[in-house]
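Chains, contacts and geometry: an overview
Now for the letters of each chain:
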Amino acid sequence: MLLDTPRGMDDLLPREMALKRRIEDVIREVFKLYGYLEVETPTVEYYELFALKSGEEIRERMFDFIDKGGRRVVLRPEVTASIARLVASKLKAMPPPLRLGYIADCYRYDEPQWGRRRRFWQGGFELIGSKDPLADAEILEVSYEVFSRIGLRDQYFKVGHVGIFREILKSYRVNEKIQDRILTLLDRKMIVEAFDLMRKNGVDEDGVKVIENLMKLEGTDLRKISIDASNILSPWKEAYRDLEDLCEIIDLAREGGVESKMVVSLGLARGLEYYTGFIFEQSVPDLRIALNGGGRYDNLIELFGGNPTPAVGCAIGITRIMQYILEKKAEETPTPSRPRILLTGVADVSKRYVMKVARILRGMGFGVEVEVLSRKLPSAIEYALKSGMKFMIIVGRREEAEEKISIRDLELRRQVELPLSDEEKIMEALTGVERV
RNA sequence: GCCGCGGUGAGGUAGCGGUUAGCCUUCCGGCCUGUGGAGCCGGAUGCCUGGGUUCGAAUCCCAGCCGCGGCCCCA
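Rules used in this analysis
Residues numbered from 1 in each chain as written. Chains lettered and ligands numbered in written order. Predicted model: local features only at pLDDT ≥ 70, side-chain atom pairs only at ≥ 80, totals over all residues. Heavy atoms only, no water. Core = buried A, V, L, I, M, F, W, Y, C linked by side-chain atoms within 4.5 Å. Buried < 20%, exposed > 50% of the residue type's maximum accessible area, 1.4 Å probe, protein only. Helix = DSSP H or I, 4+ residues; strand = E, 2+ residues; numbered from the N terminus. Contact = heavy atoms within 4.5 Å. Patch = residues over 30% accessible without salt bridge, like charges linked within 9 Å, V, L, I, M, F, W, Y side chains within 5 Å. Areas by Shrake-Rupley, 256 points an atom, 1.4 Å probe, with all protein chains shown as cover. Salt bridge = Lys/Arg side-chain N within 4 Å of Asp/Glu carboxyl O. Lys, Arg positive; Asp, Glu negative; His and termini not counted. Charge placed at Lys NZ, Arg CZ, Asp CG, Glu CD.

**What to know about the nonpolar core**
Phe125, Val159, Ile168, Leu214 and Leu266 are the most contacted members of the largest nonpolar core, which totals 107 residues. It is helix α5 (residues 133-150) that contributes the most residues to this core, 9 residues altogether. Residue contacts for Ile168: discarding those within four places in its chain leaves Val210, Ile211, Leu214, Leu233, Trp236 and Ala239. Counting 22 residues, the second-largest nonpolar core is a separate cluster that includes Ile341, Val354, Met364 and Val433.

In structure tokens, the structure reads:
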């Protein structure tokens, strides 16, 4: 108990931390490349922020508690709601469009299993204020860019558009709540139940048939799917417009360099209820779960009391990507960076001289670890080799007396003795070590 | 929240009613008081927790915890 972390919450060891940092660095590079300004919001938010637009299901899966002041608060299960809150309040005065990015830890009270932790990190891109397909395409692009830079070359997308089904259902006056439920059923492949619910809410057989036929349209041949779909959709003008919208998004993303496989799936739906249009998931072939997901949410900001503001975004599952790389692509896991120079004092050299040498070397930008276990030289060398050091700086009485240091190249097994004041020579001797 | 499988030193594992709980890696010390990853010798840490059955439990039973997988849901 004392030595356990709470269920589903992980310690990140140096190796894992190095990997997480690499992924975060990539995400931040892409923030810069596309103009996303990074923000940070509190891990703890008021319960209402998330309760507003999520069903019973999500509510039960939140870390939910009462603080000492009697306020009901939660650990955020995702960040988009916080971003919408920001846009509806503090960033109201910023001229649109807004491009916001975040990297944040999120919490869900789920049963842990592969790819699902109670604490996990998401990296998000939110493009707020535009309803142009250019914006949706940009989200696909940044997703593609992040995955490519991480090295997930076999990435693919699944893209869909919840607007198409919503428009058809709307034409039968099915209200939004019921629409949500039908979409959820379709997403879970509970087709029969979905159709029953549709019939119960006034959708005639034509409507059911249309949805049924659209569900069958899934594949990579965008042209064929759009022709087939447009035939089916001809009586539904708004739905047809959504289809065109989807095609344009894909076309623009392709033009923007998204080369990976894209599966168009008109039956695709997603768990979060706030999606209103284009939606997508991104993953790799040997996983069943998504590593990134997102879509358009044009009503959320207004719901939070902001001006009606269209928005589109995605949330990259950093923790899932980490687990994938750690387990499936172990060779690509980076090693934590650590100094490659060990400074060892021998015999009765003064500790003050050791400190002085360390200070000067670090002043030159070299990362230096100081031997602090009073190891004798042979075992210090053994330790240095085992720890991947490239150089050892050895200082003893002899060196101290002449203000010198001995630099031993552990790979070439060569050693030179240099005056501590001769920075140029020291630099030369230590070539191959990255400076901080 | 539900269902199934599992938990042996730091890591990987053998044992599956009576063993001194074995092996590999790691770690520490010595050989070796200013120069090489070796070798040899020695040493350290363990049966998830709590109950029960039994003369006797790592081993069987129950509960919890943790892990893995599935449902649900999701990144």
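There is more to say after this.
**Comments concerning a negative patch on the surface**
Negative charge collects at one region of the surface, where Asp132, Glu244, Glu248, Asp251 and Glu255 lie side by side. Within the secondary structure, Asp251 sits in helix α11 (residues 237-255). For Asp251, a relative accessible area of 46% puts it in the partly exposed group.

**Focus: the environment of Asn213**
Along the chain, the position of Asn213 falls in helix α9 (residues 205-215). On the basis of relative accessible area, Asn213 is assigned to the partly exposed category, the value being 23%. Each C-alpha atom, one on Asn213 and one on Ala239, is 14 Å from the other, the two residues being 26 residues apart in sequence.

**Examining unusual backbone geometry**
The bulk of non-glycine residues show a negative phi, and the bulk of peptide bonds are trans. Cis geometry marks the peptide bond from Pro96 to Pro97; its omega dihedral reads 0°. Structurally, Pro97 is set in the loop between α4 (80-88) and β5 (98-107). With phi around 55°, Glu403 is a residue other than glycine that occupies positive phi space. The topology assignment puts Glu403 in the loop between α16 (397-402) and β16 (404-409). We classify Glu403 as partly exposed; its relative accessible area is 37%. With a phi angle near 55°, Arg413 is a residue other than glycine that sits in the positive phi range. Following the sequence through the fold, Arg413 ends up in the loop between β16 and β17 (414-419). Judged by its relative accessible area of 68%, Arg413 falls in the exposed class.

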